[in-house]
Structure formats: structure tokens, C-alpha cells
Amino acid sequence: MKKYNFNAGPSKLPREVMEATAAACLDFEGSGLSLMEMSHRAKNFQPVIDDTVALFKELLDIPEGYSVLFLGGGASLQFCMVPYNLLENKAAYLNTGVWAKKALAEAKLFGEAVEVATSAESTYSYIPKDFVIPTDADYFHITTNNTIYGTEIRKDLDSPVPLVADMSSDIFSRPVDVSKYALIYGGAQKNLSMAGVTFVIVKDDCLGKVSRQIPTMLDYRTHIKGGSMFNTPPTVPIYSALQTLKWIKKSGGVAAMERLALERAKVVYDEIDRNKLFRGTVAAEDRSVMNLCFVMTDEYKELEADFMQFATERGMVGIKGHRSVGGFRASCYNAMDMEGVNALVACMQEFEKLH
Ligand SMILES: *Cc1c(COP(=O)(O)O)cnc(C)c1O
């Protein structure tokens, strides 16, 4: 049976990305060596890093003065590296979900970290709007896409202080005005690559302003100077990121990714809103186009397990909602196609007919 992969992360990647990565793991570009057993200092590996950085800059139109880094530790290590490198007196955080809250908790280890607003009281079902960013903060941190709750900030905010964004689950899903950000980071395993690499886009002149000592490996400047090669970088995940970026470019770039994301999301949300069995869980204006969350309406609540089984039997994978929200979550990252979302919608319609 054909499987439709709606996993939240690690998640669906384009077939050709996996084929190219698998081929390189057997024989890297005719070298007779596997990518897995090659030196990261090998002459033929350097172009992999260089091309990946170049495509990051090209596809996101990253201005001069920014560095692109590939690190280990996941987005979760960035929760600590960001305040380590940027927090001198005070930082401000928008608390829009579990990941945002974890980022805020780490910042508190380094100084004053204030929550400017939160939607925690309503299980993070919306993005707070009327907040004031303190002008004396060293930076303001946001999570652009809340993977667990299915809300998203799809525009680049104006901030009076340097803006830092966790874009783990929506990077490369829309054009971004990088010049509005001091730092953007994310784990690759949602929209970019297999697990194992973290990307950081950092404005160079934001660094070197804190008075504390920073351990070498946690100092962004180490990795800027070393070209992400201070220590051994995750070579295979970087290679697979490069394949994804080539695929995005060939498919029309981030503008095309955005068009497809909006198209997919519309088909699924329209069905959620139309179908008497289901309802969305978040404010309509804040709906994520990456993670589409829905539950059964109160009247049909007892059918939840039945629908889960029904959908699983028809090839849907990974649609169970996060335990903190319940219900269902269809993660539709860049590699998800219309065939996948149409199969999900057909499933919802067939199930409705049975009830
Ligand atoms: C998945 C996710 C994380 C955690 O990423 P790790 O790489 O597992 O540390 C952080 N933030 C967001 C928005 C995520 O979706």
C-alpha cells in the first residue's frame, strides 16, 4: 500500500534527495569511497559545504554580512547558544508553544528573560498580537512555526531590537526578509534534511558583544572562522540538505514552495471546516500551513480512534496529534504533494459518509 507521510519530524523528503544521498553513501561521486567514510577535509567534500552555504544564500536572498553555519546539537542546543552569545542584560521572548517555552527557560540561565506575551492559557491556540517588545532587550526571540500546536507567524515582524527566530519547521517554505533578523536557526529534520544537522544564519556584527566567556564550541565565532569545520560536521545530513536545496531551486525556489504550501493547506483546511466530523484547533488567521491540526467535533469525539485506524488502513502515516493537543496533525512540509493531501481529504470524506 502506498504510504502518505505526514510525520512532524523527521519527515517526508523528496524521493530524489534520498536517492542521491543513498547513492553518495555507497560511492561518493565516483570516488570509490562512501560519503560516510570520507574525511570532511577531503578536497571533494569542501564543495558540499560551500555549495550548501551558497544555495542557502541564494534561495533565501541572504544579504552581505551574514554567515550560514551547520552545527550539531539540534535546535534545542540553539536555545542555549543564543543567550550564551547574545544575552548581556535582558532578553525578550514570545511564548507561543512548547519550543518557545523551552527556549525561554534556557535564556533564564543567562540573565533576565521576559515573556512579552503568551497564549499558554488557551493551549497555544493563537499567536498573541498586541505585545510590546522592550526596547532595552538585547534581542527578541520568536518561534515562527509552532510545530506542535499548528500556529504560524508567516510574516517578518518589525522589532526595535535584534530579532531571533526558531524556524525549524518552516524554513524554506516562504520568502523571508533575512535583513530583519539578527539570527535564524533550526533543526534540519523538518523541512530540509535528515536529522543530525542544525542550521544557523547569523548577522556577524551581532556577535562579540557579551562580556561572559563562551566555551569554544558554543561560540558562533568559532564556527564562522572554521567554516563549520572547527570540528567534524555531520557530513551526510549536510549532503542531503544540499540535495533538498537543489530540489527547491529546480522546483522554482521558495516562492514556489510557498504557493504549494498555501495550496495544500487550503485543500485540507477547507475540508476540516466543511466536514461535520472535524474542526480546527487554532485561530483561523494564525493557522500554520506546515502543521495542520484538527480534532473531532464534540458530537463525534468517540470516533477518534476509529478515524485513526480508518486513515492508517488507507496509508496515512503520522497524523496522530501531539499528546498535548490530541486529535490529529497533518504535517505538510515542502516535500508533501497534492496527491498526499488529496488522499487525506478523501479519507475524511469517506469516513464522514459512514457516519
Ligand atoms: C522540532 C523542533 C525543535 C526541536 O528540534 P531538535 O532539533 O530536536 O532540538 C525546536 N523548535 C521547533 C519549532 C521544532 O519544530
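Residues numbered from 1 in each chain as written. Predicted model: local features only at pLDDT ≥ 70, side-chain atom pairs only at ≥ 80, totals over all residues. Heavy atoms only, no water.

What follows deals with the site of the ligand. Near the ligand there are 13 residues, and of these Ser76, Thr147, Asp166, Gln189 and Lys190 occur at the shortest range. Take Asp166: an N or O atom from its side chain is 2.6 Å from a nitrogen atom of the ligand. With the chains in place, 87% of the 390 Å² that the ligand exposes on its own is no longer accessible. No other element matches helix H3 (residues 74-86), which puts four residues into the shell around the ligand. The residue inventory of the shell around the ligand, partitioned by class, reads three nonpolar, eight polar and two charged. (Near = heavy atom within 4 Å. Polar contact = N/O pair within 3.5 Å; in protein donor to acceptor, adjacent residues only side chain to side chain. Areas by Shrake-Rupley, 256 points an atom, 1.4 Å probe, with all protein chains shown as cover. Helix = DSSP H or I, 4+ residues; strand = E, 2+ residues; numbered from the N terminus. Nonpolar A, V, L, I, M, F, W, Y, C, P; charged D, E, K, R; others polar.)

On to the nonpolar core, then. Counting residues in each nonpolar core, the largest one holds 56 residues, and the members touching the most others are Phe56, Leu60, Phe140, Ile142, Phe172, Ile184 and Ile201. In terms of residues, this core owes the most to one element, helix H6 (residues 235-250), which gives eight residues. Apart from residues no more than four positions distant in its own chain, Leu60 is found in contact with Ile171, Phe172, Arg174, Val176, Val178, Ile201 and Val254. Tyr269, Phe310, Met316 and Ile319 belong to the second-largest nonpolar core, a separate cluster that totals 35 residues. (Core = buried A, V, L, I, M, F, W, Y, C linked by side-chain atoms within 4.5 Å. Buried < 20%, exposed > 50% of the residue type's maximum accessible area, 1.4 Å probe, protein only. Contact = heavy atoms within 4.5 Å.)

So, about the sheet that holds strand E14 (residues 328-331). Strand pairing in a sheet is mediated by backbone hydrogen bonds. Such pairs are either parallel or antiparallel. Taken in spatial order, the three strands of this open sheet run E11-E12-E14, and their pairing is antiparallel. Two strands in the sheet have a free side with no partner beyond their single neighbour: strand E11 (278-280) and E14. Averaged over all adjacent pairs, the angle separating strand axes in this sheet is 35 degrees, with direction ignored. Of the strand pairs in this sheet, E11 and strand E12 (residues 291-296) are connected by three bridges, and their pairing is antiparallel. When the bridges of E12 are listed, Gly280 appears paired with Phe294. Sheet contacts for helix H7 (residues 253-274): E11 and E12; angle to E12, the most-contacted strand, approximately 15 degrees. (Pairing = 2+ DSSP bridges. Axes fitted to C-alpha atoms, helices over the stretch in contact; angles between N-to-C directions.)

Let us now look at the pattern of salt bridges. Using the criterion set out here, one finds 18 salt bridges in the structure. Of the charged contacts in the structure, one is a salt bridge between Glu152 and Arg154, with a shortest N-O distance of 2.5 Å. Looking at Glu152, the relative accessible area reads 4%, which means it is buried. Here Arg287 and Asp273 are joined by a salt bridge, their closest N and O atoms 3.0 Å apart. (Salt bridge = Lys/Arg side-chain N within 4 Å of Asp/Glu carboxyl O.)

We now examine the pairing of strand E4 (residues 112-118). Both strand E3 (residues 90-95) and E4 contribute to a ladder of six bridges, which runs parallel. Counted as the bridge partner of Leu94 is Ala117 from E4. With respect to chirality, the unit in which E3 leads through helix H4 (residues 98-107) into the neighbouring parallel E4 is right-handed. (Right-handed = clockwise from strand over helix to strand, strands pointing away.)

What follows deals with a negative patch on the surface. The grouping of Asp298, Glu299, Glu302 and Asp306 at the surface amounts to a negative patch. Tracing the backbone shows Glu302 in the loop between E12 and helix H8 (304-313). Glu302 gets classed as exposed once you look at its relative accessible area, which sits at 60%. (Patch = residues over 30% accessible without salt bridge, like charges linked within 9 Å, V, L, I, M, F, W, Y side chains within 5 Å. Lys, Arg positive; Asp, Glu negative; His and termini not counted. Charge placed at Lys NZ, Arg CZ, Asp CG, Glu CD.)

As a further point, take the side chain of Thr96. Relative to the helices and strands, Thr96 is located in the loop between E3 and H4. At 2.7 Å, the side chain of Thr96 and the side chain of Asn146 are in polar contact. With sequence-adjacent residues up to four places away left out, Thr96 is seen in contact with Ser119, Tyr124, Ile127, Pro128, Thr143, Asn146, Tyr149 and Thr151.

Bringing the sheet that holds strand E2 (residues 66-71) into the picture now. Sheet architecture is open: seven strands sit in the order E2-E10-E9-E8-E5-E3-E4, paired in mixed fashion. The sheet is open, and its two borders are formed by E2 and E4, each paired with just one other strand. Averaged over all pairs of adjacent strands, the angle between their axes in this sheet comes to 15 degrees, without regard to strand direction. Packing of H3 onto the sheet brings it into contact with E2, E3, strand E5 (139-143), strand E8 (163-166), strand E9 (183-187) and strand E10 (198-203), and relative to E9 it is tilted by some 155 degrees.

Let us look at helix H9 (residues 338-353). Its 16 residues place the ends of H9 22 Å apart at the C-alpha level, agreeing with the 22 Å of an ideal helix rising 1.5 Å per residue. Turning to H9, its buried residues number three or more, namely Gly340, Val341, Ala343, Leu344, Val345, Cys347, Met348, Phe351 and Glu352. (Expected span 1.5 Å × (residues − 1).)

Before going further, it helps to examine the environment of Gly9. Mapped onto the secondary structure, Gly9 falls in the loop between strand E1 (4-5) and helix H1 (15-26). On the accessibility criterion, Gly9 (36% relative accessible area) is partly exposed. In this view, Gly9 contacts Gln189 and Lys190; residues no more than four positions away in its chain are not counted.

Of all six residues making up E3, six are buried, and the element is well covered by its neighbours. Side chains of E3 alternate between two faces, with Lys90, Ala92 and Leu94 and Ala91, Tyr93 and Asn95 buried alike. With three bridges joining them, E3 and E5 adopt parallel strand pairing. Its bridge partner being in E5, Ala92 is matched across the sheet by Phe140.

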